[in-house]
Amino acid sequence: IEEMEPAQRRQVAYHEAGHVVAQYYLDPDSRIVRATIIRRSGALGYVLPVPNFDIYAMPLRRIVADIMVSMAGHVASKLFLGEYWTGASSDFQQARARIMALADLGYFGVHPMRVEQLDQRIIDRFWADAEEQVERLLTMHADEVHAVAKALLEKGCLLYTSPSPRD
């Protein structure tokens, strides 16, 4: 990570900080065990949450929260660096897959057996609404985003060893 150009390193730090803050507030049933801006397996950085308990079934709102967490890195780059950056394509792939899972579960009001009839405008509106909610969340917790980004820039990798960051 040291050879990465400073502006790019800062972008990765803010991207991952956005994920950390969104994960913390949107998924209280998980704890974050690692956040890093050290490149690994093609990723420039990542956040690793783990559930606090085994999950066998979940409310659909949890899938919506997962989508918003996926969006948070991209939104953080825009909010805190003033423009969108590349690097969010895998996050978008995850979000799209989860949106299709919601569609398959009837979330958008279309019978799961007729999901191909889902109007793209419904998905577009869902995406825009979710992105707006993420922007409000990250704006409300901007000090925390800055603190996590700063810590990532200083240390490269943050490990959480307590049972839960809420302890």
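Predicted model, so just to flag it, every value in this text is computed and none were measured. (Residues numbered from 1 in each chain as written. Predicted model: local features only at pLDDT ≥ 70, side-chain atom pairs only at ≥ 80, totals over all residues. Heavy atoms only, no water.)

The next subject is the packing of helix α2 (residues 60-81) against helix α4 (residues 120-140). At a closest axis distance of 8 Å, the pairing of α2 and α4 adopts a crossing angle of 65 degrees. The chirality of how α2 crosses α4 is right-handed. Residues Val64, Ile67, Met68, Met71, Ala72, Val75, Ala76, Leu79 and Phe80 of α2 form the contact with α4, whose own contacting residues are Phe126, Trp127, Ala130, Glu131, Gln133, Val134, Glu135, Leu138 and Thr139. Residue composition of the contact of α2 with α4, grouped by class: 14 nonpolar, two polar and two charged. (Axes fitted to C-alpha atoms, helices over the stretch in contact; angles between N-to-C directions. Helix = DSSP H or I, 4+ residues; strand = E, 2+ residues; numbered from the N terminus. Left-handed = near helix turned anticlockwise from the far one by under 90°. Contact = heavy atoms within 4.5 Å. Nonpolar A, V, L, I, M, F, W, Y, C, P; charged D, E, K, R; others polar.)

This paragraph deals with the pattern of salt bridges. Considering all chains together, one arrives at seven salt bridges under this definition. With a closest N to O distance of 2.6 Å, Asp119 and Arg121 form a salt bridge. Taking relative accessible area as the criterion, Arg121 reaches 62% and is therefore assigned exposed. Among the salt bridges present, the one from Arg125 reaches Glu132, with a minimum N-O distance of 3.6 Å. Members of the salt-bridge network, linked through shared partners, are Asp27, Asp29 and Arg62. (Salt bridge = Lys/Arg side-chain N within 4 Å of Asp/Glu carboxyl O. Buried < 20%, exposed > 50% of the residue type's maximum accessible area, 1.4 Å probe, protein only.)

By size, the foremost hydrophobic cluster in this structure holds 47 residues, and its most contacted members are Ile67 and Leu138. Among all residues touching Ile67, those that are not within four sequence positions of it are Ala95, Arg98, Ile99, Leu102 and Phe126. (Core = buried A, V, L, I, M, F, W, Y, C linked by side-chain atoms within 4.5 Å.)

Here His15 is to be found in helix α1 (residues 6-26). Taking relative accessible area as the criterion, His15 reaches 6% and is therefore assigned buried. At 2.9 Å, the side chain of His15 and the side chain of Asp91 are in polar contact. The residues touching His15, leaving out its near neighbours within four places in the chain, are Gly73, His74, Ser77, Gly87, Ala88 and Asp91. (Polar contact = N/O pair within 3.5 Å; in protein donor to acceptor, adjacent residues only side chain to side chain.)

Under the counting rule described, the total for this entry stands at six aromatic pairs. Summarising the aromatic geometry, the rings of Phe92 and Trp127 are spaced 5.6 Å apart at their centres and angled 65 degrees between planes, so their arrangement reads as edge-to-face. Here the residue Phe92 occupies a position in helix α3 (residues 89-104), and Trp127 occupies one in helix α4, the gap between them amounting to 35 residues. Of the two residues examined, Phe92 and Trp127, each falls in the buried class. (Phe/Tyr/Trp six-rings, centres within 6.5 Å; stacked < 30°, edge-to-face > 60°.)

Turning our eyes to something else, we now look at the sheet that holds strand β2 (residues 46-51). Reading across the sheet, the three strands line up as β2-β1-β3 and stay open at both edges, with antiparallel pairing between neighbours. Both edges of this open sheet fall to β2 and β3 (157-159), since each of them pairs with a single strand only. Strand-to-strand twist in this sheet, taken as the mean axis angle between neighbours without regard to direction, amounts to 25 degrees. Inspection of the sheet shows strand β1 (residues 30-36) paired to β2 by six bridges, in the antiparallel sense. Bridge assignment links Arg31 to a residue of β2, and that residue is Val50. Set on the sheet, α1 makes contact with β1 and β2; between it and β1 the angle comes to about 170 degrees. Strand contacts of helix α5 (residues 142-155): β1 and β3, with the helix running at about 110 degrees to β3, the strand carrying the most contacts. (Pairing = 2+ DSSP bridges.)

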